[in-house]
Amino acid sequence: MIYALTGFMGCGKSSIGREAARLAASCGAGILHFMDLDAVIEEREGRSIPEIFAAVGEPGFREIEREALLDVLSAEANSSDRKNTRQTLLSLGGGTLTDEGSRELIRKHCRCIYLRASIDTLVENLSADGIEGRPMLAGTANGKDAAARTQALRKRISELMADRAPIYESAAGHIIDIDGLSYEDAARLVLNSFSL
Ligand code: S3P
């Protein structure tokens, strides 16, 4: 079974996914393979996500992302231990589900878990992380001072979330509200959702 973690940039998909895999191993719940789709894309392409966006723009990136997703799903389907109870947790990119083809692949082959965060949490996390490496947020760094940059970031997140929230919600079989949760708490909820 492949569990796909979705949610907006900065909600902690990769950190929570990694933590869930660590917890599964440490509490004897069995092996949970963790994969990060952005890392798969960078490895496959031999260049970073910002370099891909600079070369082919968002539409080109979505095609590359869909092909990488297809590769991951095919490799999982052909995996030698597929007959055993292999479980994989795949962290998607924040925009993967905006592509119809990728959405369909995930709908057919994965159980999707949405890590839902409020705009306030996303602004806080992304301000702390920095937006370098996140081309979809480029431009919000141009404000003249920190307050203007935060305001631009909030506006951009709100615009993207207006389109994406319904997509995340309709793709997800399970939603976890992560505001105020530690990575470990959120990871435990991810593991609990597996029994659904
Ligand atoms: C994107 C999210 C990024 C990465 C790319 C596009 C998006 O992944 O796939 O920069 O459109 O939201 P993270 O959500 O892991 O930052």
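Look up a bit, the structure's there.
We now turn to the structure provided with this report.

Basis of the calculations
Residues numbered from 1 in each chain as written. Predicted model: local features only at pLDDT ≥ 70, side-chain atom pairs only at ≥ 80, totals over all residues. Heavy atoms only, no water. Near = heavy atom within 4 Å. Polar contact = N/O pair within 3.5 Å; in protein donor to acceptor, adjacent residues only side chain to side chain. Areas by Shrake-Rupley, 256 points an atom, 1.4 Å probe, with all protein chains shown as cover. 1 Å grid on protein atoms, 1.4 Å probe; cavity = no way out; pocket = protein on both sides within 12 Å on 5 of 7 lines; lining within 4 Å. Sits in = over half its atoms within 2 Å of the grid points. Helix = DSSP H or I, 4+ residues; strand = E, 2+ residues; numbered from the N terminus. Axes fitted to C-alpha atoms, helices over the stretch in contact; angles between N-to-C directions. Parallel < 35°, antiparallel > 145°, perpendicular 65-115°, else oblique. Left-handed = near helix turned anticlockwise from the far one by under 90°. Contact = heavy atoms within 4.5 Å. Nonpolar A, V, L, I, M, F, W, Y, C, P; charged D, E, K, R; others polar. Buried < 20%, exposed > 50% of the residue type's maximum accessible area, 1.4 Å probe, protein only. Pairing = 2+ DSSP bridges.

**Looking at the site of the ligand**
- The ligand sits among 14 residues. The nearest are K13, D38, R62, G94 and R164.
- Within the contact set of the ligand, an oxygen atom lies 2.7 Å away from a side-chain nitrogen or oxygen of D38.
- Between R62 and the ligand, the recorded distance is 2.7 Å, taken from a side-chain N or O atom to an oxygen atom.
- Isolated, the ligand exposes 390 Å² of accessible area, and the fraction of that covered by the protein chains is 94%.
- One can see that the ligand is located within the largest pocket.
- Per-element tally for the shell around the ligand: the top contributor is helix 3 (residues 49-78), with four residues.

**Section: the packing of helix 3 against helix 4 (residues 100-109)**
- For the pair helix 3 and helix 4, interaxial distance at closest approach is 9 Å and the crossing angle is 20°. Put simply, helix 3 runs roughly parallel to helix 4. Crossing of helix 3 over helix 4 shows left-handed handedness. Residue-level inspection shows R66, L69, L70 and L73 of helix 3 in contact with helix 4, the latter providing G101, S102, L105, I106 and H109.
- For the contact of helix 3 with helix 4, a count of residues per class yields five nonpolar, three polar and one charged.

**Quick notes on the pairing of strand 2 (residues 32-36)**
- Here strand 2 shows a clear split, with L32, F34 and D36 buried on one side and none of H33 and M35 buried on the other.
- For strand 2 and strand 3 (residues 87-91), the ladder comprises five bridges, and the chain directions are parallel. Across the sheet, residue H33 finds its bridge partner in strand 3, namely T88.

**Notes on the sheet that holds strand 5 (residues 174-177)**
- Spatial strand order, 2-3-1-4-5: five strands in an open sheet with parallel pairing. Each having just a single partner strand, strand 2 and strand 5 make up the two edges of the open sheet. Within the sheet, the average angular offset between the axes of one strand and its neighbour, ignoring direction, is 20°.
- Pairing between strand 4 (residues 110-116) and strand 5: four bridges, direction parallel. What sits directly across from R116, in strand 5, is D177.
- The strands touched by helix 3 within the sheet are strand 1 (2-6), strand 2, strand 3 and strand 4, with strand 3 carrying the most contacts at an inclination of about 175°.

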